[in-house]
Amino acid sequence: MAERKANTKVLTEAALMTALAVLLGFIQIRGPWIAGGSVSLEMVPLILFSLRRGMKWGGAAGVIYGILDFLFHPFYMHPVQLLLDYPVPFGLLGLAGIFLVREKQSRGKKIILVFLATTIAVFARFLSHFVSGIVFYGSNAPEGQPVALYSFVYNIGYLAPSYIFVLIILILFMITAPRFVERQRR
Amino acid sequence: MFNIIIGQYVPGQSVIHRLDPRAKLLAVFLFVIIIFLANNWVTYALAIIFTLLGVFLSKVPVRFIYRGLKPIIIIIIFTFILNVLFTKEGELLVSYGWFHIYEGGLIQAVFISMRLLVIIVATTLLTLTTSPIDITDGLEILLGPLKKIKLPVHEFALMMSIALRFIPTLLEETEKVMKAQSARGSDFTSGSLKSRVKAIIPLLVPLFVGAFKRAEELAMAMEARGYRGDVGRTRLRQLIWSLSDTFLMLVTLFLTAALFILRG
């Protein structure tokens, strides 16, 4: 019975964090980055939730975010591209959950853990979009084109600024309200 | 700084709107796979007619379709140019210095752009005529068989529904928090990038506090009403499969057969 209760709460938390991610995804930050991919803060709740509830739940929330993102901004070219641009990259953000931020750790250690978690999560997301871009141009551009380069430039163009924003905000968040980032006991 | 666009769904009463979400999902899913079979003028023409027919029957104003296409047009133009410039097949049409256009390249560029356009219009049409909650319900039922291999389909669909339900609520809350913080002199819209990032934290923390509180209350309310997962759960919204849904399936299957037969 106790187990069940904890599950419902984690489930609703995952749903609310996904909703918050969708909401923050609507708010796009304008800046000098390449048009196309957008710089926004949708990764903040997803990474924070992965740290808070672990990889499995974080990944699930990410996958759901990916599906919702597709419903709101559908961009489909190729079946593999669809998977690698929507559910997979956001699901991979769950990797942040391999790091454990605990209450009794020092602030410095917590900040380092948040830094590592964000870096690994965003890098995994980048890889997924990167491969997706190669698949897309691989199936639509003529032979012999530097498809990997196109994909790299396009994806790094918005993910690098996103990464910096999300990292700064998560670290500031960690300093202001650490209890949300720390791993919850069931 | 803020550019908010919510959802794509355009409510309506057209034939396409009233189709069962399961039928629409299946049809679009099949269509975006079989479109890769098209490789000559006849097959592309068939696919385009099928898509245009859908757009026409849906009675969705064309500007909504265009809005869905806008972010992608640059990519289509880019792939078009790539294909025109770098495919060296067929007759040479134009030659100017290093700049050559071959007949084969032009045809391939037109075909690939057509394919991308048709795919995007078809998927956009699905999200324009089906509310997200209907898509969620349809997905849960269609993916139902995966429960057999222990995939938590029900939990996923429930999380999606809850998320969709709470997006407007959280949006309202965001506006409230923003007003409250502005009243305290916070400024999100001007100033240097650094000061704007700093202003985001007092906005985000109350939002997360609110979201976690809502999650806890919702879980409690669900359990008080006897939520115990998927077992024996009944639904408020029932999906009804009608004759027109079967008809859509038949048309899609017919198109699949036609593409197989007519492709070069």
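Not measured: the values here are computed from a predicted model.

**Q** Just give me the short version of the nonpolar core, but keep the residues and values in it.
**A** Proteins that are soluble and globular tend to have nonpolar side chains buried together. By size, the foremost hydrophobic cluster in this structure holds 121 residues, and its most contacted members are Ile47, Leu68 and Phe173 of chain A together with Ile162, Leu204 and Phe208 of chain B. Per-element accounting of this core gives the leading share, 13 residues, to helix H1 (residues 2-26) of chain A. Residue-level mapping places this core at the junction of two domains, with at least three residues from each of domain 1 (1-130 + 238-264) and domain 2 (159-233) of chain B. If we skip the residues at most four places from it in the chain, Ile47 of chain A touches Leu93, Ala96, Thr118, Ala121, Val122, Val166 and Leu170 of chain A.

**Q** An account of the interface of chain A and chain B is requested, with residue identities and associated values reported.
**A** Taken together, the 57 residues of chain A in the interface contact 62 residues of chain B. Inspection of the region where chain A meets chain B yields zero salt bridges. Put simply, chain A and chain B have two residue pairs in polar contact (both at pLDDT 80 or more) between them. At the level of secondary structure, the elements contributing two or more residues to the side of chain A that touches chain B comprise H1, helix H2 (43-53), helix H3 (55-72), helix H6 (107-140) and helix H7 (147-176) of chain A. A total of 18 residues in the side of chain A that touches chain B trace back to one element, the largest contributor, which is H1 of chain A. Along the lines of polarity and charge, the residues of the side of chain A that touches chain B split into 42 nonpolar, nine polar and six charged.

**Q** Outline the UniProt feature "transmembrane region" (unreviewed entry) in chain B, listing residues and values.
**A** All names here are of chain B. Under the feature "transmembrane region" (unreviewed entry), the UniProt entry names residues 25-57, 69-86, 106-128 and 239-262. The span residues 25-57 carries 82% helix and 0% strand; its end-to-end C-alpha distance comes to 17 Å. A helix fraction of 100% and a strand fraction of 0% characterise residues 69-86, whose end C-alpha atoms lie 25 Å from each other.

What counts, and where the lines are drawn
- Residues numbered from 1 in each chain as written.
- Chains lettered and ligands numbered in written order.
- Predicted model: local features only at pLDDT ≥ 70, side-chain atom pairs only at ≥ 80, totals over all residues.
- Heavy atoms only, no water.
- Core = buried A, V, L, I, M, F, W, Y, C linked by side-chain atoms within 4.5 Å.
- Buried < 20%, exposed > 50% of the residue type's maximum accessible area, 1.4 Å probe, protein only.
- Helix = DSSP H or I, 4+ residues; strand = E, 2+ residues; numbered from the N terminus.
- Domains from an automatic or database assignment.
- Contact = heavy atoms within 4.5 Å.
- Salt bridge = Lys/Arg side-chain N within 4 Å of Asp/Glu carboxyl O.
- Polar contact = N/O pair within 3.5 Å; in protein donor to acceptor, adjacent residues only side chain to side chain.
- Nonpolar A, V, L, I, M, F, W, Y, C, P; charged D, E, K, R; others polar.
- UniProt positions renumbered as here; feature names shortened; annotations may be inferred.

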